[in-house]
Amino acid sequence: MSDERWVWGFGLATSAADGTVLDTWFPAPASGRIPFGLDPAIPPDELDRLAVPDERRAVSVDVVVIEADLDAAPESTSDAYLRLQALSHRLVKPNEVDLTGIFGHLPNVAWTSAGPMHPDDLTRLRPFLQRDGIQVQGLDKFPRLLDYVTPPGVRIADASRVRLGAYLSPGTTVMHEGFVNFNAGTLGASMVEGRISQGVVVGDGSDIGGGASIMGTLSGGGSHRVSIGARSLLGANAGVGISIGDDCIVEAGLYVTAGSKIVLADEAPRADGTKPVVKGADLSGRDGILFRRNSVTGAIEAVRRSGVGVTLNEALHA
């Protein structure tokens, strides 16, 4: 098996008093196997100095060295965190790493402004946390991306809207109401004002409008991995459960699923005078289509488009 399908790194693992590993931060994960001759017992000095307990959160911090086979399922919490950070460091793209069973390796964690802690310790220690100005920011299996990785060339208006494991390419802007899940993201400079669900990738130059939603495999999308092509636009409050090709537009407020009945408005009428009708799945991944709602009949229509699609504001994505 090629070493290119492995990642490794030194990390800091935070553990609760009962031994539960809460998270692991890998400052500089790298592709490949652990280098030959490297002594795991001799961690980098900058990490060793940070491996100190925090009594405020009732946690201990230890240096670990982990390597992960990207073609096999995660084996531990630290292994799972290494994969998520490999995605966010752009070492591997969404859907190119085995994440089978990852939820079972990610404990539910109380995320505080001082770091993770076990939820069972939160009530007992809350008065002391408040005394020290430590705030609880969430209770979840996944932390915020920016607590672990600073992706170069990216703007994120609200850190709580992007999970660790998101893949964001340079030039991407995630606005305040945008959301990017783990194992999902952008393959080029894109505007994100809507929701990019797990497993979804968005092509270069595309715009996910305010309130727009892309169905993922965790939210009823089945096994199909939805993708959005280059220079495409999902209008405000629009949504798709099918893949959209390059240079496409989905009208604001329109939701297109695999089972949606779509009128091919450009096609010649059938013998009965009506236009051909197909399912949304039949148009999945096709380039150059405008999806719109007929304001008179209410039918969803597909119209062919020519030329390029949307053009992003270069000043916003420089």
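Residues numbered from 1 in each chain as written. Predicted model: local features only at pLDDT ≥ 70, side-chain atom pairs only at ≥ 80, totals over all residues. Heavy atoms only, no water.

Our working rule: UniProt positions are given in the numbering used here, feature names are shortened, and annotations may be inferred rather than shown by experiment.
With an unreviewed UniProt entry as reference, the chain is termed 2,3,4,5-tetrahydropyridine-2,6-dicarboxylate N-succinyltransferase, source organism Microbacterium aoyamense. Listed in UniProt under the heading Sequence similarities (unreviewed entry), the comment for the chain reads: "Belongs to the type 2 tetrahydrodipicolinate N-succinyltransferase family." Regarding the chain, the UniProt comment filed under Function (unreviewed entry) reads as follows: "Catalyzes the conversion of the cyclic tetrahydrodipicolinate (THDP) into the acyclic N-succinyl-L-2-amino-6-oxopimelate using succinyl-CoA."

Examining the overall build of the chain
To be explicit about the condition: Where helices and strands are cited, they refer to DSSP runs of H or I of at least four residues and of E of at least two residues respectively, numbered from the N terminus. Partly exposed describes any residue whose relative accessible area lies between the buried limit of under 20% and the exposed limit of over 50%, with all areas from a 1.4 Å probe on protein chains only and scaled to the type maximum. Throughout, a contact is declared for two residues whenever any of their heavy atoms are within 4.5 Å. Residue-level accessible areas treat just the shown protein chains as cover; the underlying method is Shrake-Rupley with a 1.4 Å probe. Here the positive residues are Lys and Arg and the negative ones are Asp and Glu; neither His nor the chain ends is included. Working definition for charges: the position is that of NZ of Lys, CZ of Arg, CG of Asp or CD of Glu.
Looking only at helices and strands, one finds five helices and 26 strands in the chain. With respect to the three principal axes, the spread of C-alpha positions in the chain is 75 × 50 × 40 Å. Across the 318 residues of the chain, 49% fall into the buried class. Taking the intrachain contacts of the chain between residues at least 6 apart in sequence as the baseline, contacts between residues at least 24 apart amount to 48%. For the chain, the computed accessible surface area is about 14,600 Å², with 51% contributed by carbon and sulfur atoms. Across the chain, the 28 positively charged side chains and the 38 negatively charged ones have centroids separated by 8 Å.

Points about the pairing of strand 26 (residues 300–304)
To be explicit about the condition: Pairing between two strands is assigned when DSSP locates at least 2 bridges connecting them.
Taking burial as the measure, the five residues of strand 26 include four buried ones, the bulk of the element. With three bridges joining them, strand 23 (residues 261–264) and strand 26 adopt parallel strand pairing. Directly across from Ile-262, in strand 26, lies its bridge partner Ile-300. Here five bridges tie strand 25 (residues 289–293) to strand 26, and the two strands are oriented antiparallel to one another. Following the sheet pairing, Arg-293 is matched in strand 26 by Ile-300. In textbook terms, the turn of a hairpin is the stretch between consecutive antiparallel strands, and for strand 25 and strand 26 this stretch comprises six residues, one of which, Gly-298, has a positive phi near 85°.

Structural notes on the UniProt feature "active site" (unreviewed entry) in the chain
Taking the numbering used here, the UniProt-annotated feature "active site" (unreviewed entry) corresponds to Glu-193. Structurally, Glu-193 is set in the loop between strand 13 (191–192) and strand 14 (195–196). A relative accessible area of 29% means that Glu-193 is categorised as partly exposed. The contact partners of Glu-193, leaving out residues within four places of it in the chain, are Met-175, Glu-177, Gly-178, Asp-207, Ile-208, Gly-209, Gly-210 and Gly-211.

Comments concerning the packing of aromatic side chains
We count it as follows: Any Phe, Tyr or Trp ring, taking Trp's six-membered ring, that has another such ring centre within 6.5 Å forms a pair; planes under 30 degrees apart are called stacked, those over 60 apart edge-to-face, and the others tilted. Geometrically, a lysine NZ or arginine CZ counts as sitting over a ring once it is within 6 Å of the ring centre and also within 35 degrees of the ring normal.
This model, assessed by the stated rule, comprises five aromatic pairs. A centroid spacing of 5.9 Å and a plane angle of 85° characterise the contact between Phe-103 and Phe-182, whose relative ring orientation is edge-to-face. Of this pair, Phe-103 sits in helix 3 (residues 102–105) while Phe-182 sits in the loop between strand 11 (179–180) and strand 12 (184–186); the two residues are 79 residues apart in sequence, bridging distant segments of the chain. Here Phe-103 falls in the partly exposed class, since its relative accessible area comes to 35%. With a centroid separation of 4.4 Å and an interplanar angle of 20°, the aromatic rings of Phe-142 and Phe-182 are classed as stacked. In this pair, Phe-142 is assigned in the loop between strand 7 (136–140) and strand 8 (155–156) and Phe-182 in the loop between strand 11 and strand 12, connecting sequence segments 40 residues apart. Here Phe-142 and Phe-182 have matching classes, each one buried. Ring-pair connections join several aromatic residues into one group, and the members of that group are Phe-103, Phe-142 and Phe-182. Geometry around Trp-6 places Arg-33 over its ring, the cationic atom sitting 3.6 Å from the centre.

Here we look at the sheet that holds strand 15 (residues 201–202)
Read across the open sheet, the four strands follow the order 9-12-15-18; overall the sheet is parallel. Either end of the sheet is taken by a strand with one partner, and the two such strands are strand 9 (166–167) and strand 18 (227–228). By the bridge criterion, two bridges tie strand 9 to strand 12 in an arrangement that is parallel. Each residue of the ladder has a partner; that of Ala-166, found in strand 12, is Ala-184.

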